[in-house]
Amino acid sequence: MDTGKLTRSDMIDIPIEGMSCASCVGRVEKAIRSVEGVTTANVNLATERAHVEFAPASANPVAIAEAIRAAGYEPSESAIELKIEGMTCASCVNRVEKALKRVPGVLDASVNLATERASVRYLGGPGMEGRLIEAVDQTGYGAKAIRQDGDQADRERAAREAEIAGLQRSLLIAALLTLPVFVLEMGSHFIPAVHDWVMGTLGHRTSWYLQFALTTLVLFGPGLRFFRHGVPALVRRSPDMNSLVALGTSAAYAYSVVATFLPGVLPAGTENVYFEAAAVIVTLILLGRYLEAKAKGRTSEAIKRLIGLQAKTARVLRNGEALEIPLDQVLAGDIVQVRPGEKIPVDGEVVEGSSFVDESMITGEPVPVQKAQGCEVVGGTINKTGSFSFRATRIGADTVLAQIIRMVEQAQGSKLPIQALVDKVTAWFVPAVMAAAALTFLVWLVFGPEPALTFALVNAVAVLIIACPCAMGLATPTSIMVGTGRAAELGVLFRQGEALQSLKEIGVVALDKTGTLTQGRPDLTDFVTASGFDDEETLRLVASVEGRSEHPIAQAIVAAAERRGLALPSTDGFEAVPGFGVSATVEGRRVDVGADRFMTKLGLSIAGFSETAARLGTEGKSPLYAAIDGRLAAIIAVADPVKPSTPEAIAALHALGLRVAMITGDNRKTAEAIARQIGIDEVVAEVLPDGKVTVVKRLREEHGRIAFVGDGINDAPALAEADIGIAIGTGTDIAIESADVVLMSGDVRGVVNAIALSKATIRNIRQNLFWAFAYNVLLIPVAAGVLYPVDGTLLSPIVAAGAMALSSVFVLGNALRLRRFKAPVASVQPASPAARTVEGAA
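Along every chain, residues carry numbers that run from 1 in the direction the sequence is written. Owing to the predicted nature of the model, reporting of local features is limited to residues with pLDDT of at least 70; listing and counting of side-chain atom pairs is limited to 80 or more, with chain, interface and lining totals taken over all residues. Think of the side-chain values as coming from all heavy atoms in the structure, minus any hydrogens and water.

**Structural notes on the UniProt feature "transmembrane region" (unreviewed entry) in the chain**
UniProt positions are given in the numbering used here, feature names are shortened, and annotations may be inferred rather than shown by experiment. Here the UniProt-annotated "transmembrane region" (unreviewed entry) positions come out as residues 170-194, 206-224, 244-266, 272-291, 425-447, 453-476, 769-788 and 794-812. Helix makes up 79% of residues 206-224 and strand makes up 0%, while its end C-alpha atoms are separated by 25 Å. Strands are runs of DSSP state E lasting at least two residues, helices are runs of H or I lasting at least four, and both sets are numbered from the N terminus onward. With 85% helix and 0% strand, the stretch residues 769-788 has end C-alpha atoms that lie 28 Å from each other.

Next up, the structure:
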């Protein structure tokens with residue numbers, strides 16, 4: 001299915017409870033995909049969510065929920081109350097109910113005319129609220145959420161904290177109950193004084209009875225969670241990690257119970273107990289789950305920081321009165337007041353007042369930007385000095401910050417191609433481990449030394465416990481979460497998680513010129529006066545004349561004069577001579593500005609500026625001249641200047657071994673001059689948008705995978721055609737929507753940082769996968785006892801449990817190292833993670 005053609009209502013994200021390893025992921029995906037109408041199902045163990053896409057008008061959330069439950073897991077349902085405006089009769093109720101029930105993910109919807117409320121149960125994440133409100137709006141009624149227990153992010157954070165607290169409590173109880181069991185059994189074996197004390201006070205049999213009681217409390221108290229999930233999975237013939245733990249601890253526990261209460265049924269010399277193994281295994285695995293839950297919470301810190309940028313309330317003018325209202329109650333068109341030091345709550349346009357606003361979270365620029373009437377402001381930025389009012393233009397899910405959060409969440413929840421291998425392996429991993437444990441038991445029972453039954457049991461349990469599908473399941477998604485979160489902090493937004501893997505494989509980077517390598521607007525780059533003319537006075541007179549023209553070059557000259565604080569007097573007798581230039585009288589002085597042919601027409605020689613004109617020509621600039629009172633006064637050049645960061649970015653790309661090309665619609669002479677200036681390898685100039693696509697295809701054939709960097713509407717086709725499209729965040733929305741990666745500011749050095757982060761993330765994923773696979777490949781045979789004939793090595797189930805618990809923690813810890821990734825070039829660092837999607841000219 002072409003996901004690029006999906007609407008938001010064709011997909012839902014479903015939180016799922018009870019998954020613990022990669023095999024869980026495979027079973028949930030298989031269950032969801034079996035539902036009619038589902039085209040794609042991707043389950044992420046790190047985020048504990050399923051991303052489901054449907055064929056148009058075929059969503060069946062009830063069937064999906066039933067399929068997930070049938071697989072042994074629990075889809076997390078949410079409920080919301082909506083205030084419905086505009087209903088007058090029962091038919092209104094019916095229309096609203098039908099509209100809500102048609103939204104993919106809705107399980108049930110009930111509308112009450114008397115209370116004017118709708119109660120909705122649904123599957124899905126935070127984006128569902130916006131879809132529900134949009135569905136009501138499309139029927140001609142109004143809707144807004146009624147807040148009762150905080151927003152979805154708060155609920156999910158509370159659920160995560162509750163999970164960690166529950167695991168901590170279970171771990172503490174298990175540890176307190178396990179410690180006496182461990183001391184009684186292992187102390188008696190290895191510490192003579194403990195052995196003598198146990199034999200002299202409790203006695204051998206009483207010690208076993210006490211161990212039985214304490215272990216029973218551990219297994220069916222804190223350890224019950226493994227049986228609650230693992231046993232039903234076994235019954236359904238879809239075992240998971242919980243099943244391995246349940247089998248291993250049950251085997252050790254059951255054997256010990258028989259040895260304690262029915263020793264006569266066991267062969268002579270095999271009456272041993274392994275209560276301590278069962279109890280310690282549960283405790284160690286709970287420790288691993290607890291550490292894993294805390295680490296998983298840290299992987300989503302980038303999203304938490306993004307959400308933290310949002311204001312909680314807004315001061316809105318309603319009926320002439322300023323009211324402090326929750327952010328979700330702000331409406332498009334509201335007039336919002338902002339005082340010094342406050343966060344701007346939503347996107348809008350200034351209508352009154354002026355101030356300086358810190359937009360570093362958007363542009364990366366540390367200097368506050370002046371805002372006055374007509375200027376755009378972005379929600380989440382910080383007002384510094386003055387007060388102003390603005391009209392809200394984008395609210396809720398439509399704000400820049402909300403779009404960024406959504407992009408980061410989508411990237412974090414995506415699967416990379418490298419995950420395909422993991423999915424194939426984990427599909428058979430747990431059954432294979434169970435088969436290996438059964439084989440281990442039989443081999444030791446038949447060929448092992450006496451007591452063979454004891455050896456068979458211990459080694460089979462060790463095989464069950466040592467296996468760690470968790471590590472394999474977490475290896476990829478945790479690295480993606482941390483990597484994309486760190487990227488957002490560095491000013492790089494991965495709109496598609498797949499770009500993380502693809503970006504590191506490119507061989508050539510092609511860049512648009514205007515707005516990407518250059519500032520994207522004309523600027524006065526050269527102003528050289530002749531002898532006897534004052535620089536500022538000449539510029540003041542020239543700018544006064546050009547102020548009457550609407551040509552971009554004229555506007556650049558005027559802007560340069562205004563930046564110097566020059567007052568521009570009025571002009572008389574303004575005259576534009578097509579193809580030559582402009583003339584006017586300023587304060588009684590005649591001023592003529594135009595091309596060299598205009599000066600020749602006026603009878604003036606430009607020979608005095610021949611060297612300067614030659615230099616400007618080599619730089620791709622076309623000079624203009626100014627004459628005052630019949631004397632040649634200045635040579636002028638206006639051009640689109642190269643961004644200060646561009647040369648460093650090109651050098652850094654070359655250092656990575658990449659070829660750099662420039663594709664532009666500008667004239668060849670100017671393009672080649674800029675290419676020489678900044679070190680571009682290949683220039684393709686004077687091409688139309690469709691021509692850029694052709695060039696991208698050719699460069700791919702010649703140099704391999706290609707990344708294209710652009711910012712304008714005319715770059716959208718090339719961005720879509722390239723293997724990786726990288727949009728400058730200060731560009732147009734169309735360009736950004738066509739791209740796989742968005743650079744939050746206009747700094748091209750972000751391309752280098754994106755590539756470096758891609759390489760670091762994939763390297764991190766490969767390290768995780770290597771550890772996860774190598775751990776299982778090496779230690780499962782050791783647990784089975786393959787080294788016993790060589791040097792007598794056997795792996796205790798307790799050691800196996802500790803190694804298994806630490807395996808997942810190792811993978812998570814390695815992924816978290818990406819939080820310390822440092823940008824290879826000194827790109828402008830945003831103070832907070834966010835991005836720019838403000839509309840701009842191509």
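Text resumes after the structure shown.
**Side note on the packing of helix H8 (residues 224-235) against helix H9 (residues 241-261)**
For helices, the fitted axis covers only the stretch in contact; all axes are lines through C-alpha atoms, and the angles between them, taken along N-to-C directions, range from 0 to 180 degrees. Running from N to C, H8 and H9 cross one another at 105°; their axes reach a closest spacing of 7 Å. For the element pair H8 / H9, the angle class is roughly perpendicular. Counted together, Phe 226, Phe 227, His 229, Gly 230, Ala 233 and Leu 234 of H8 and Asn 242, Ser 243, Val 245, Ala 246, Leu 247, Thr 249 and Ser 250 of H9 form the full contact between these two elements. Here the contact of H8 with H9 is built from residues that sort into seven nonpolar, six polar and no charged. Put simply, angles under 35 degrees are roughly parallel, angles over 145 are roughly antiparallel, angles from 65 to 115 are roughly perpendicular, and the rest are oblique. Every residue pair with non-hydrogen atoms within 4.5 Å of one another is taken to be in contact. Only Asp, Glu, Lys and Arg are considered charged, only Ala, Val, Leu, Ile, Met, Phe, Trp, Tyr, Cys and Pro nonpolar, and every remaining residue, Gly among them, polar.

**Side note on the pattern of salt bridges**
Each reported salt bridge corresponds to a side-chain nitrogen of Lys or Arg within 4 Å of a carboxyl oxygen of Asp or Glu. Considering all chains together, one arrives at 27 salt bridges under this definition. In this structure, the salt-bridge partner of Arg 563 is Asp 523, at a minimum N-O distance of 2.8 Å. Of this pair, Arg 563 sits in helix H20 (residues 552-563) while Asp 523 sits in strand E20 (residues 523-529); the two residues are 40 residues apart in sequence, bridging distant segments of the chain. We call a residue buried when its accessible area falls under 20% of the maximum for its residue type, exposed when it is over 50%, and partly exposed in between, using a 1.4 Å probe and counting protein chains only. Under the relative-accessibility criterion, Asp 523 is labelled partly exposed at 22%. The salt bridge partner of Arg 540 is Glu 587, with a shortest N-O separation of 2.8 Å. Of this pair, Arg 540 sits in helix H19 (residues 535-546) while Glu 587 sits in the loop between strand E22 (581-586) and strand E23 (589-594), and the two are 47 residues apart along the sequence. Here Arg 540 falls in the buried class, since its relative accessible area comes to 15%. When salt bridges that share partners are traced, they join Glu 537, Arg 540, Glu 587, Arg 589 and Asp 629 into one network.

**Some words on helix H23 (residues 646-655)**
Within H23 the residues assigned to the buried category are Thr 646, Ala 649, Ile 650, Ala 652 and Leu 653. All buried residues of H23 lie within an arc of 160° about the axis, which places them on one face of the element. Among the structural elements, strand E19 (508-512), helix H18 (513-517), strand E26 (659-663), helix H24 (668-678) and helix H28 (749-784) are those in contact with the buried residues of H23. Positive phi appears at Gly 657, one or two residues downstream of H23, with a value of about 85°. In this context, the arc is that of the directions from the helix axis out to the C-beta atoms.

**Here we look at helix H7 (residues 204-219)**
Take the residue count of a helix, subtract one, and multiply by 1.5 Å to get its expected span. Compared with the 22 Å implied by 1.5 Å per residue over 16 residues, the 22 Å span of H7 between its first and last C-alpha is a close match. Listed as buried for H7 are Ser 207, Trp 208, Gln 211, Leu 214, Thr 215, Val 218 and Leu 219. An end-on view of H7 places all buried positions within 135° of arc, on one side of the element.

**Regarding a positive patch on the surface**
Taken together, the side chains of Lys 759, Arg 763, Arg 817 and Arg 820 make up a positively charged region of the molecular surface. By the secondary structure assignment, Arg 763 is in helix H28. For patches, a residue must show more than 30% relative accessible area and have no salt bridge; joins then use 9 Å for like charges and 5 Å for nonpolar side chains, namely Val, Leu, Ile, Met, Phe, Trp and Tyr. Per-residue accessibility takes into account occlusion by the displayed protein chains alone, with areas from the Shrake-Rupley method and a 1.4 Å probe. For the purpose of charge, His is not counted, nor are the chain termini; Lys and Arg are scored as positive and Asp and Glu as negative. Lysine's charge is taken at NZ, arginine's at CZ, aspartate's at CG and glutamate's at CD.

**Some remarks on the confidence of the model for the chain**
Confidence in the prediction for the chain averages 80 pLDDT; 84% of positions are at 70 or higher. Throughout residues 1-9 the model reports pLDDT below 50, and contacts reaching past four residues in sequence, or to other chains, amount to 11 contacts. Values of pLDDT, which run from 0 to 100, indicate the predictor's confidence residue by residue. Counting interchain partners and residues more than four positions distant, the pLDDT-below-50 stretch residues 827-842 has 72 contacts.

**Some remarks on the packing of aromatic side chains**
Aromatic pairs are defined between Phe, Tyr and Trp rings, using the six-membered ring for Trp, whenever the two ring centres lie within 6.5 Å; interplanar angles under 30 degrees are classed as stacked, those over 60 as edge-to-face, and all others as tilted. Counted under the stated rule, the structure contains 15 aromatic pairs. When the ring of Phe 609 is compared with that of Tyr 625, the centres are 6.5 Å apart and the planes differ by 45°; the resulting orientation is tilted. Of this pair, Phe 609 sits in the loop between helix H21 (596-601) and helix H22 (610-618) while Tyr 625 sits in strand E24 (residues 624-628), and the two are 16 residues apart along the sequence. What makes Phe 609 buried here is its relative accessible area of 7%. Exposure remark for Tyr 625: the relative accessible area of 3% places this residue in the buried category.

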